[in-house]
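Close look at the chain arrangement
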Amino acid sequence: MLGRTACRRFVLVLLFMNLPAPSQPSAPSSSAPTASRAVVWWSRVLNGFLLGVCALLVALSYYNFTLYCENFGCMGKGLLWMLWAVFATVGCLVALVVRAWQRRRGLDTRASGLAFGMLSVMGAGHLLVWLGTTVLR
């Protein structure tokens, strides 16, 4: 029951953390800057890239968790864990940079925030699994 509540809170935080700031009364002569088509296109491409990285890491996680220590030995499994960790770290950093860039341009940051949240949750889960299977054994 505690897991469901925590999951619901996490989803609510992800949904509502990118709400636009309340508009403040200003002079009618000043208008909000609008983003060009190229900027919006690049924002969508980067969002797709980040969500693709998340999907790649989910697939790599599944493969890594179902891999047995055969042929190449457990060293191959360790190398896959390291590869996953590098991809996840780079993905988190790229998601933060893209999200900051989108905020500065006044674009929607929901997809990059979702990607950062997914990468963070997967990273924390992998860290807990790694601690449970190797360090704390």
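Below is a short write-up of the structure.

**Points about helix 4 (residues 110-135)**
Its 26 residues place the ends of helix 4 36 Å apart at the C-alpha level, agreeing with the 38 Å of an ideal helix rising 1.5 Å per residue. Restricting attention to buried positions, one finds in helix 4 the residues Ser112, Gly113, Ala115, Gly117, Leu119, Met122 and His126.

**Considerations on the side chain of Ser61**
With respect to the helices, strands and loops of the structure, Ser61 is situated in helix 2 (residues 37-66). When its relative accessible area of 7% is taken as the criterion, Ser61 is described as buried. Within polar-contact distance, the side chain of Ser61 engages the backbone oxygen of Leu57 at 2.8 Å. Not counting residues up to four positions away in its chain, the partners in contact with Ser61 are Trp84 and His126.

**Brief notes about the nonpolar core**
Considering soluble globular proteins, one finds that nonpolar side chains tend to be buried as a cluster. Judged by nonpolar contacts, the single largest core of 14 residues is most densely connected at Leu50, Leu57, Trp84, Leu119 and Met122. Counting only elements with at least two residues in this core, the list comes to helix 2, helix 3 (74-105) and helix 4. Setting aside chain neighbours within four positions, we find Trp84 in contact with Leu57, Leu60, Ser61, Met122, Gly123 and His126.

Conventions used here
- Residues numbered from 1 in each chain as written.
- Predicted model: local features only at pLDDT ≥ 70, side-chain atom pairs only at ≥ 80, totals over all residues.
- Heavy atoms only, no water.
- Helix = DSSP H or I, 4+ residues; strand = E, 2+ residues; numbered from the N terminus.
- Expected span 1.5 Å × (residues − 1).
- Buried < 20%, exposed > 50% of the residue type's maximum accessible area, 1.4 Å probe, protein only.
- Polar contact = N/O pair within 3.5 Å; in protein donor to acceptor, adjacent residues only side chain to side chain.
- Contact = heavy atoms within 4.5 Å.
- Core = buried A, V, L, I, M, F, W, Y, C linked by side-chain atoms within 4.5 Å.

Geometry only, nothing functional implied.
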